[in-house]
Structure formats: structure tokens, C-alpha cells
Amino acid sequence: EAGVAQSPRYKIIEKRQSVAFWCNPISGHATLYWYQQILGQGPKLLIQFQNNGVVDDSQLPKDRFSAERLKGVDSTLKIQPAKLEDSAVYLCASSLEYNEKLFFGSGTQLSVL
Amino acid sequence: LAKTTQPISMDSYEGQEVNITCSHNNIATNDYITWYQQFPSQGPRFIIQGYKTKVTNEVASLFIPADRKSSTLSLPRVSLSDTAVYYCLVGDGSQGNLIFGKGTKLSVKP
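So, a few notes on the structure that sits alongside this text. (Residues numbered from 1 in each chain as written. Chains lettered and ligands numbered in written order. Predicted model: local features only at pLDDT ≥ 70, side-chain atom pairs only at ≥ 80, totals over all residues. Heavy atoms only, no water.)

**Quick notes on the overall build of chain A**
- Of regular secondary structure, chain A possesses zero helices and eleven strands.
- Starting at the N terminus and walking to the C terminus, you meet the elements of chain A as β-β-β-β-β-β-β-β-β-β-β.
- In terms of overall size, chain A behaves like a compact globule, its C-alpha atoms giving a radius of gyration of 13 Å where 113 residues would be expected to give roughly 13 Å.
- Summarising its shape, the C-alpha atoms of chain A cover approximately 35 × 25 × 25 Å along the three principal directions.
- Out of the 113 residues in chain A, the part that is buried amounts to 46%.
- In chain A, the proportion of contacts linking residues at least 24 apart, taken out of those at least 6 apart, comes to 53%.
- Carbon and sulfur atoms form 50% of the exposed surface of chain A, whose accessible area is close to 5600 Å². (Helix = DSSP H or I, 4+ residues; strand = E, 2+ residues; numbered from the N terminus. Rg over C-alpha atoms; globule rule 2.2 N^0.38 Å. Buried < 20%, exposed > 50% of the residue type's maximum accessible area, 1.4 Å probe, protein only. Contact = heavy atoms within 4.5 Å. Areas by Shrake-Rupley, 256 points an atom, 1.4 Å probe, with all protein chains shown as cover.)

**As for the packing of aromatic side chains**
- Following the criterion strictly, the structure yields eleven aromatic pairs over all chains and no others.
- Summarising the aromatic geometry, the rings of Y35 of chain A and F100 of chain B are spaced 5.3 Å apart at their centres and angled 90 degrees between planes, so their arrangement reads as edge-to-face. Here Y35 of chain A is found in strand β4 (residues 31–37), whereas its partner F100 of chain B is found in the loop between β8 (84–91) and β9 (104–109) on a different chain.
- Of the residues examined, Y35 of chain A reaches a relative accessible area of 0% and is grouped as buried.
- Among the aromatic residues, ring-to-ring pairing joins Y33, Y35 and F104 of chain A together with Y36, F46, Y87 and F100 of chain B into one connected group.
- Over the ring of Y10 of chain A we find R9 of chain A, and its NZ or CZ is 5.4 Å from the ring centre. (Phe/Tyr/Trp six-rings, centres within 6.5 Å; stacked < 30°, edge-to-face > 60°. Lys NZ or Arg CZ within 6 Å of the ring centre and 35° of its normal.)

**Focus: the sheet that holds strand β3 (residues 19–24) of chain A**
Residue and element names in this part refer to chain A.
- An order of β1-β3-β8-β7 is seen for the four strands of this open sheet, with the pairing classed as antiparallel. Looking at the sheet topology across the chains shown, the edges are occupied by β1 (5–7) and β7 (65–69). Across the sheet, the axes of successive neighbouring strands diverge by a mean angle of 15 degrees, strand direction being ignored.
- Where β7 and strand β8 (residues 75–79) come together, five bridges link them in antiparallel fashion. Paired with F65 across the two strands is I79, which belongs to β8. (Pairing = 2+ DSSP bridges. Axes fitted to C-alpha atoms, helices over the stretch in contact; angles between N-to-C directions.)

This is how it looks when you write it as C-alpha cells:
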């Protein structure tokens, strides 16, 4: 079974630039999550989708972050403009339904200089 | 949202049994308890999930007392490869309530 795919694996940008991350969840998984993990901390939930609808985005800094899940499958997370404090690993996860175990991708490591 | 409290770090030796306890005093009726393991440069990986009493799979056991205000992850006979961060999550997966805490960093020594 193919896992959660994320790209790119690494990204280095300067502050005020824009960046986008892509996630392809496991086939058939209805729920998709984006987490931000700062070095030394646990993952922080940014947004949760159920199919192509947003379930929760209360922790998403909406002035600079946006996310979409087209046709309830792939998802993109965008930061525009980036700040130094956005340096982190961005993890995508998917699950079959609520209360099912989450499957995580390897993440995208973002460095903002 | 139910919050969890875990020890920041634990040390063990190869071959020992390790028990990591998580406190979740305000767990809701619909909440499940789930544990994840994370190695450096990787996403978290599911270990075990339970609602009450005891759950066992091929890698761990999860003990949940009747009041469900805490849970204990038990790793039998740990090896060096079990060195990782372990997270306890409490929630039912709806409304964005799968919140990771700071986790427990387990170090297994030879």
C-alpha cells in the first residue's frame, strides 16, 4: 500500500517569499490533516479536511496561510508571505475516517532565511 | 479539548520493559486514546489505540483504568531502535481535536 506522499522534501526561501507544499494522501482516505512541527515540539494541527470540506482551521494563520483540497484527494498548503518563524517541518497525514489511525508523510522541511 | 501530560524524557536499557504514562483528566466520553512514535526526520507512526481496559498488539500494550483519566503505554523488551519520541493523543478525530503534546523522549541504552 502506497503511503502519504509529500513534496518537496526540503525548501529554502527568503522571508516575504511564497512557498507551496503538496500532499497526496492514501487512496480512499477521506480525512486529511496538515500539521506544523517546529524543532523540539510536537506537531501542531493547522487544518483538517473531510473530503474537500474544511472541518477545522482554527489554528491556521489565515493572513498568510491557505490550504485547499481539490476534489477531495490531493491537497496544497501555501504560505504567502513567509516569515522567519515559519521555519518548521510541515507534515501531511490522512485517515480513512474520523477516529481512525493517522498515516503521516515524511514532511517538508522549510527553512526561511 | 482534552489535554495530555507526559514525562518529558525517560531512559532505559535494552531488554527492559518501558512504561510511559499519560494523564488526560478531562477526557470526553467519545474520546479515544492513541499513541504515536516519531523518529528524527520522519512523520509520527501509529502504535496503538484504545478506549478502555487493555489493548495489545504486536508491538505494545495500552492500559486504561476505569476512570480513563490516564493511560500507560507498555513497550516490552525495548531495543536501541525504540529510541524515539512517543506522543499520547486524546480525541475522537472530529473538529480538529487530535492535539499532539510535547511527547516523551525515550532513550534506550545498550
